[in-house]
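Structure assessment
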Amino acid sequence: MSRRLGLAAAGVVALVATAVGLRTGTSVAGSAVDLGTPSPPAVVESVPNVVVVHVVGAVVRPGVFVLAGGSRVADAVEAAGGATDEADLAALNLARPLVDGEQLYVPLPGEVVPGAPGGPAVVDDGRVDLNNATQSELETLPGVGPVIAGRIIDGRPFASVDSLEKVSGIGPATMARLRDLVKV
């Protein structure tokens, strides 16, 4: 039995040595092994110097557009084929920098777009606008740290303050503390 055990141990050692050699790119004998070019990751979390925006409303070609970082609202409207003749471009700040992941709504005359990005995050009554606040502004709220603030941003737009309850990590106690401090 001890001979069998010795052979089994030798086999395991050989397999481990081969695996280590492949992992480091060398064979057991010491010569290089071509592992090929590594493939890029399947999902890219974020790409620096790029913003992705969803342009809707009174534009020629509504859709999702990838633009250079630092692009402005005017660039997004242009990427969507330009505004239609009916669009109310005066209702937009065409010089505002775009925010990655935002939806840009180009309104018709007289339309009011609730929670439009770029509006004031803290309104005159001191409440924080859930649809416009920055990460750091959200973190000033009681019970809201970096993770919850990120989830709030990911959950936008909110149709009502009560829809904040759908954000993971905001339970009844946190909701009770936030209800009078936030608006949409």
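Right above here is the structure, for reference.
Bear in mind the structure is a predicted one, so any value in this text is a computation, not a measurement.

1. Quick notes on the overall build of the chain
Per the secondary structure count, the chain includes 5 helices and 5 strands. Here the chain holds 184 residues, and the buried ones make up 28% of them. When contacts within the chain are restricted to residue pairs at least 6 apart in sequence, those whose partners lie at least 24 apart make up 35%. Just so you have it, the chain exposes about 11,700 Å², and 60% of that area is on carbon and sulfur atoms.

2. Structural notes on the side chain of Ser71
Tracing the backbone through its elements, the reader meets Ser71 in the loop between β2 (63-68) and α2 (73-79). Among the residues examined, Ser71 registers a relative accessible area of 9% and is labelled buried. Of note is the side chain of Ser71, whose polar atom sits 2.5 Å from the backbone oxygen of Ala68.

3. Let's talk about the nonpolar core
Among the nonpolar cores identified, the biggest contains 17 residues, and Leu130, Leu138, Leu141, Val144, Ile152, Leu164 and Ile170 are the most heavily contacted of them. Secondary-structure elements contributing two or more residues to this core are α4 (146-154) and α5 (172-178). At 3 residues, the largest contribution of residues to this core is made by α4. In this structure, Ala58, Phe65, Val73 and Ala87 belong to the second largest nonpolar core, which totals 16 residues.

4. Thoughts on α4
Three or more residues of α4 are buried, namely Ile148, Ala149, Gly150 and Ile152. Residues of α4 that are buried in the fold lie against α3 (135-138).

5. Focus on the pairing of β2
With 6 bridges joining them, strand β1 (residues 50-57) and β2 adopt antiparallel strand pairing. Note on β2: the bridge partner recorded for Val55 is Gly63. Turn length for the β1-β2 hairpin, with the two strands adjacent in sequence and antiparallel, is 5 residues.

6. Re the sheet that holds β1
Here we have 3 strands laid out as an open sheet, ordered β2-β1-β3, and mixed in their pairing. What marks the edges here is a single partner per strand, and that holds for β2 and β3 (103-106). For this sheet the average axis-to-axis angle between neighbouring strands, irrespective of direction, equals 35°.

7. Comments concerning the side chain of Arg96
Topologically, Arg96 is positioned in the loop between α2 and β3. Residue classification places Arg96 among the buried residues on the basis of a relative accessible area of 13%. One polar contact links Arg96 to Glu102, side chain to side chain, over a distance of 3.0 Å.

What counts and how
Residues numbered from 1 in each chain as written. Predicted model: local features only at pLDDT ≥ 70, side-chain atom pairs only at ≥ 80, totals over all residues. Heavy atoms only, no water. Helix = DSSP H or I, 4+ residues; strand = E, 2+ residues; numbered from the N terminus. Buried < 20%, exposed > 50% of the residue type's maximum accessible area, 1.4 Å probe, protein only. Contact = heavy atoms within 4.5 Å. Areas by Shrake-Rupley, 256 points an atom, 1.4 Å probe, with all protein chains shown as cover. Polar contact = N/O pair within 3.5 Å; in protein donor to acceptor, adjacent residues only side chain to side chain. Core = buried A, V, L, I, M, F, W, Y, C linked by side-chain atoms within 4.5 Å. Pairing = 2+ DSSP bridges. Axes fitted to C-alpha atoms, helices over the stretch in contact; angles between N-to-C directions.

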